[in-house]
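# Chains, contacts and geometry: an overview
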Amino acid sequence: MFISVYNLFYTSMPVLALGIFEQDVNAKNSIIYPKLYTPGLKNALFNKREFFRSAVHGFVTSCVLFFIPFGAYYNGMDQEGRSMTDQQTFGSVVATILVIVVTMQICLDTSYWTLFNHITIWGSLIFYLLLQYFYNYVLGGDYVGTLAKAMGEPMFYFTSLLTIVILMLPVMAWRFYWVDVAPTLSDKVRFKQRHDAKMASKRIEHDMLRTPSARRSRRSIRSGYAFAHQEGFGRLITSGKIMRPRNPKPGNVSNGRASNFRPDVNKFKMAAPAPSTVEV
Amino acid sequence: MSAPTSEQSKVKHSKFKQKFKQQRLPAWQPILTADTVLPAFFLIGLLFVPLGAALLFFSRSVQELQLDYTECLSINHTLANGDARLCRDVIKDNPAELCICRENFTVHESFEKNVYLYYGLDNFYQNHRRYVKSRDDKQLLGRDDTTVSNDCNPFATDSEGRVYAPCGAIANSMFNDTLRLFEVQESGSTELNLLKTGIAWPSDRKIKFNNPPGPLNASGAFKNNVKPLYWTKNVYDLDPDDPNNNGYKNEDLIVWMRSAAFPTFRKLYRRIDHNMTGFKFGLHIGTYYLEVEYRYPVDSFGGKKRMILSTTSFLGGKNNFLGIAYITVGCICLLLGIIFLIIHIKFGKRAVDQLNINQNTPYSD
């Protein structure tokens, strides 16, 4: 039964969510940096070499998934001396660790975690346990009591932690090495996105700290000198927010009044095609 | 005011739909940077090494004694020249013959409380595919005693069509040696009290095995059945003194029916009764002997039989594998962490390089 439902119930939903929601850079940056599409043109992400590498990775994973529980459960007993080396316990343990490892692998592959990704990934694990319970206790399968007993012993948790770490660490190390030593354009754009988001949130924080009078004066830029008990525009002027444009167009009369307030328009144009160093 | 709130929720919903379709949902976007991965390596390394040491300590605290009795000598069968015969040869010639043999052993350091007696078999493949299938769970639940499933073939019915109880190859090959322990003292030998219940999984006893209705004898619950081919007694004679441990609910049968995963396995046989005088705190140092009613033939497939006395720990039996594996993985992790730290410092791209991109930057250098 496990083999039949493995592909359908335990592993299909996270992959579906990955396919629908995954993005490494957002839509805006995809257009700015067209060289991001190079791997598609070169067929670099799915070719014979990648397939072979995937198959070898699967083979090594299966070996680890078998031999680590084999070694751990070799003369296994529970805390009351009863034997835990039976075929059903061993099979249940290996199957559970397999589902967990496969889910962890897809966690590593997901770089854009929306709510749906969370639901499908953690939901798959919970659904596995629920389906095991339902099939064995309600429908009367012959593995009844096995997984519950195995998961009631600390040996199971130590074994699964060890297996997961042995399988996930090399993958994580490999990817970290490439991102650190030879990042692709996709990695660099993701860094930049994160950096820009950090800068933007810092600017918003900075804006939030401005005084109430300045905010009030932004809302109404009519002259307020008549209202002598208000603070006036002292802070507004000295903060430098009102500036003459650097290169005023001819015919533009700036009379210094606040109504001709022109913020620096060049700041928000799209990045020009000329090479420029971004301020760090 | 309900109208504005339903308006608000409609607006929220359409905003969400917009974000969903434009793929701008709020999301967490992790990147594998050095300031997350390297601490993770060091943390795992520093966590695993002491954990492995603790697991190794627990495993070492388990005491175990193994005694192979495959080739033990009979006490009442002799060869022509007066030497004792091997029990295994005795039963090869005459399977119905009762052969009793004894093996001495000494306990050098006292075993702490809750000592368990196991029998172990070598080279016995209980995990063979056709063997594992050869049982009828419905019959073992006491539901149907007139027909059994085809999985039990050829151990389903005898030549006259009566159904074996229990059917199948697993039940047919049930371990039927009787092991008894005696302590040797100056005044003679005393038998150790062994408990025969509490050895099977509670879930098995409650859920998977049940007797058919009726009294447990040949004319009641098992009137349509006959004993399996290789058995010497009937299923309702497995423990006539205790009706809760008789028939299909016999714990030795339940333990045997849980087929082992590996060819070398051990199954719980009895528990030492610590209410005996002198055994309140465990098995003390002394000389003992094992008396076996040798019935189970393992010679034809090159198998071996052993008796094992063992205590348990937090993790179960004696198994150094997990402890050693944890220590190894922890050390490798620390080593990898140090190597990657060096690589990161010497060859890692700094933030300035990462962010210095334009439309002409190639995809990969």
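The name that an unreviewed UniProt entry assigns to chain B is P4-ATPase flippase complex beta subunit TMEM30A, with the source organism given as Cherax quadricarinatus. Of the comments in the UniProt record for chain B, the one headed Sequence similarities (unreviewed entry) reads "Belongs to the CDC50/LEM3 family." Taken directly from UniProt, the Subcellular location (unreviewed entry) text for chain B runs: "Membrane".

Under an unreviewed UniProt entry, chain A has the name P-type ATPase C-terminal domain-containing protein and belongs to Cherax quadricarinatus. A UniProt comment under Subcellular location (unreviewed entry) is attached to chain A, and it reads "Membrane".

### Side note on the overall build of chain B
Across its full length, chain B carries 10 helices and 15 strands. At 32 Å, chain B has a C-alpha radius of gyration far larger than the 21 Å of a compact globule built from 365 residues. In terms of overall dimensions, chain B has a C-alpha envelope of 100 × 55 × 45 Å along the principal axes. By residue count, 45% of the 365 residues in chain B fall in the buried class.

### Here's the deal with the UniProt feature "transmembrane region" (unreviewed entry) in chain A
Per the UniProt record, the feature "transmembrane region" (unreviewed entry) sits at residues 51–70, 90–108, 115–135 and 155–178 of chain A. Helix makes up 100% of residues 115–135 of chain A and strand 0%. Its end C-alpha atoms lie 29 Å apart.

### What to know about helix α5 (residues 48–72) of chain A
The first and last C-alpha atoms of α5 of chain A sit 36 Å apart over 25 residues, in line with the 36 Å expected at 1.5 Å per residue. Among the structural elements, α6 (87–109) and α9 (154–181) of chain A together with α9 (321–347) of chain B are those in contact with the buried residues of α5 of chain A.

### As for the packing of aromatic side chains
Aromatic ring pairs are reported here in terms of the distance separating the ring centres and the angle at which the planes meet. Applying the stated criterion across every chain, the model contains 44 aromatic pairs over all chains. Measuring from ring centre to ring centre gives 5.1 Å for Phe-66 of chain A and Phe-67 of chain A, while their planes differ by 90°; the resulting arrangement is edge-to-face. Judged by its relative accessible area of 47%, Phe-67 of chain A falls in the partly exposed class. On the basis of an interplanar angle of 25° and a centroid distance of 6.4 Å, the ring pair of Phe-124 of chain B and Tyr-296 of chain B is categorised as stacked. With Phe-124 of chain B in the loop between β6 (116–122) and α4 (129–133) and Tyr-296 of chain B in the loop between β14 (286–294) and β15 (304–310), this residue pair connects regions lying 172 residues apart in the sequence. Each member of the pair, Phe-124 of chain B as well as Tyr-296 of chain B, is classed as buried. Across the ring face of Trp-201 of chain B, the terminal group of Lys-149 of chain A is positioned such that the distance to the ring centre comes to 5.3 Å. Sitting over the ring of Trp-256 of chain B, Lys-267 of chain B keeps its end group 5.6 Å from the ring centre.

### What about the environment of Leu-65 of chain A?
Residues and elements named next belong to chain A. Mapped onto the secondary structure, Leu-65 falls in helix α5. Leu-65 sits 102 residues away from Leu-167 along the chain, and the two C-alpha atoms are 8.6 Å apart. Excluding anything up to four places from it in sequence, Leu-65 contacts Val-94, Ile-97, Leu-98, Val-101, Thr-163 and Leu-167.

### A look at the UniProt feature "transmembrane region" (unreviewed entry) in chain B
Residues and elements named next belong to chain B. Under the present numbering, the feature "transmembrane region" (unreviewed entry) in UniProt falls on residues 37–58 and 321–345. Helix makes up 100% of residues 37–58 and strand 0%, with an end-to-end C-alpha separation of 31 Å. Counting secondary structure, residues 321–345 comes out at 100% helix and 0% strand; the distance between its end C-alpha atoms is 36 Å.

### Digging into the pattern of salt bridges
Using the criterion set out here, one finds 26 salt bridges over all chains in the structure. The shortest N-O distance in the salt bridge between Lys-149 of chain A and Asp-78 of chain A comes to 2.6 Å. Here the residue Lys-149 of chain A occupies a position in helix α8 (residues 146–151), and Asp-78 of chain A occupies one in the loop between α5 and α6, the gap between them amounting to 71 residues. What makes Lys-149 of chain A buried here is its relative accessible area of 14%. Judged by relative accessible area, which is 2%, Asp-78 of chain A ranks as buried. Glu-291 of chain B is the partner of Arg-180 of chain B in a salt bridge, and the nearest nitrogen-oxygen pair spans 3.4 Å. Placement of the pair is Arg-180 of chain B in strand β8 (residues 178–185) and Glu-291 of chain B in strand β14, with a sequence separation of 111 residues.

### Comments concerning the nonpolar core
Judged by nonpolar contacts, the single largest core of 65 residues is most densely connected at Phe-105, Leu-181, Trp-256, Leu-283, Met-307 and Leu-309 of chain B. Those residues within four positions of Leu-181 of chain B in sequence are excluded, and the remaining contacts are Phe-105, Leu-117, Thr-190, Glu-191, Leu-192, Leu-194, Ile-272, Tyr-289, Leu-290, Met-307 and Leu-309 of chain B. Residues Tyr-73 and Phe-156 of chain A together with Val-37 and Leu-322 of chain B belong to the second largest nonpolar core, which totals 42 residues.

### Overview of the pairing of β14 of chain B
All names here are of chain B. Extensive coverage of β14 is indicated by the burial of 8 of its 9 residues. When strand β4 (residues 99–107) meets β14, the two strands line up antiparallel, connected through 9 bridges. From the neighbouring strand, Val-107 faces β14, where its bridge partner is Gly-286. Pairing geometry for β8 and β14, over 7 bridges, is antiparallel. Considered in β14, the bridge of Arg-180 is made with Glu-291.

### So, the state of the cysteines
Taken as a whole and judged by the stated rule, the model has 3 disulfides over all chains. Through a disulfide, Cys-72 of chain B is tied to Cys-101 of chain B; the S-S separation comes to 1.8 Å. Across the disulfide from Cys-72 of chain B to Cys-101 of chain B, rotation about the S-S bond amounts to roughly -60°, and the bridge is consequently left-handed. Residue Cys-72 of chain B is located in the loop between β1 (64–68) and β2 (73–78), and its partner Cys-101 of chain B is located in strand β4; the two are separated by 29 residues in the primary sequence. Comparing Cys-72 of chain B with Cys-101 of chain B shows no difference in burial state: the two are buried. Through a disulfide, Cys-87 of chain B is tied to Cys-99 of chain B; the S-S separation comes to 1.8 Å. Across the S-S bond of Cys-87 of chain B and Cys-99 of chain B the torsion is about -95°, and the bridge reads as left-handed. Remark: Cys-99 of chain B occurs in strand β4 and Cys-87 of chain B occurs in helix α3 (residues 87–93); sequence separation between them is 12 residues. Grouping residues by exposure puts Cys-87 of chain B and Cys-99 of chain B together as buried. No disulfide involves Cys-107 of chain A; its nearest neighbouring cysteine sulfur is the one of Cys-333 of chain B, lying 18 Å away. Relative accessible area serves as the criterion here: at 13%, Cys-107 of chain A is assigned to the buried category.

Procedures and definitions
- Residues numbered from 1 in each chain as written.
- Chains lettered and ligands numbered in written order.
- Predicted model: local features only at pLDDT ≥ 70, side-chain atom pairs only at ≥ 80, totals over all residues.
- Heavy atoms only, no water.
- UniProt positions renumbered as here; feature names shortened; annotations may be inferred.
- Helix = DSSP H or I, 4+ residues; strand = E, 2+ residues; numbered from the N terminus.
- Rg over C-alpha atoms; globule rule 2.2 N^0.38 Å.
- Buried < 20%, exposed > 50% of the residue type's maximum accessible area, 1.4 Å probe, protein only.
- Expected span 1.5 Å × (residues − 1).
- Contact = heavy atoms within 4.5 Å.
- Phe/Tyr/Trp six-rings, centres within 6.5 Å; stacked < 30°, edge-to-face > 60°.
- Lys NZ or Arg CZ within 6 Å of the ring centre and 35° of its normal.
- Salt bridge = Lys/Arg side-chain N within 4 Å of Asp/Glu carboxyl O.
- Core = buried A, V, L, I, M, F, W, Y, C linked by side-chain atoms within 4.5 Å.
- Pairing = 2+ DSSP bridges.
- Disulfide = S-S within 2.5 Å.

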